[in-house]
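# Examination of the molecular architecture
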Amino acid sequence: MGTVVDDAASVEFHDFFERHYSELARLAHLLTGESDAADDLAADALLALWHRWDRVRAADHPVAYARGVVANMARSRIRSAVRERRRITLFWSQREDRTENPDVPGMVDVQEALRRLPFRKRACVVLRHSFDLSEKDTALALGVSVGTVKSQTSKGMAELQRLLGSRDAPRRMHAAALRAGGTGGIAGGRGR
């Protein structure tokens, strides 16, 4: 039998899980571009959070802590996938499968453009424009300074605009997040 403290922690974690699982899975999906792996990644992150629940619940911003865990796990997954692709490339010739003037939805365009961004730029852009987080909340989630968030978001958006050939990249990011199953924002509006 568990103690009263264990039961309280369990109830508190279950409530945290219920409130934030979908958001963390959406974040994982947008960071990795892999919808099938997003649920697993979010579940793995929440399991890691449960094992450190005393530290998480004592944090000033437990949700930011959780987003940071998801971002780190996504980065590890991406790095692992890159290493695997490099190994496969040694054995198989890589051929370009590009189609002239592809007819694909805007969401696919945005996701492909996001995949081309380095991880930190991608994470800043996704958290700022798809999750409507403030610069401060984004910095907390990624464990970087607000200045880094500003710089990386600006550079990431400029690169997305170049890749998408459009000045409406923020609107397309928001629309892609909605189609990916999001609500378009955590807090309803982006704080500056």
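Scroll up to find the structure.
Cut-offs used in this document
Residues numbered from 1 in each chain as written. Predicted model: local features only at pLDDT ≥ 70, side-chain atom pairs only at ≥ 80, totals over all residues. Heavy atoms only, no water. Helix = DSSP H or I, 4+ residues; strand = E, 2+ residues; numbered from the N terminus. Buried < 20%, exposed > 50% of the residue type's maximum accessible area, 1.4 Å probe, protein only. Contact = heavy atoms within 4.5 Å. Phe/Tyr/Trp six-rings, centres within 6.5 Å; stacked < 30°, edge-to-face > 60°. Lys NZ or Arg CZ within 6 Å of the ring centre and 35° of its normal.

Attention shifts here to the overall build of the chain. Across its full length, the chain holds nine helices and zero strands. Ordered by position in the sequence, the α and β elements of the chain form the string α-α-α-α-α-α-α-α-α. Scored against the burial criterion, the 192 residues of the chain give a buried share of 40%. Of the contacts made within the chain by residues no fewer than 6 positions apart, 71% connect residues no fewer than 24 positions apart.

Attention shifts here to the packing of aromatic side chains. A full pass over the atoms with the stated rule returns four aromatic pairs. Arranged with centres 5.0 Å apart and planes meeting at 50°, the rings of Phe13 and Trp50 form a pair that is tilted. Placement of Phe13 in helix 1 (residues 4-32) and of Trp50 in helix 2 (residues 35-51) is noted, with a sequence separation of 37 residues between them. Judged by relative accessible area, Phe13 falls into the buried class, the value being 12%. Note on Phe17 and Tyr21: the rings are 5.1 Å apart at their centroids and 25° apart in plane angle, and the pair reads as stacked. Remark: Tyr21 and Phe17 occur in helix 1; sequence separation between them is four residues, near one turn of the helix. Clustering of aromatic rings is evident, with ring pairs tying together Phe13, Phe16, Trp50 and Trp53. Just above the ring of Phe131 sits the side chain of Arg26; from NZ or CZ to the centre is 4.3 Å.

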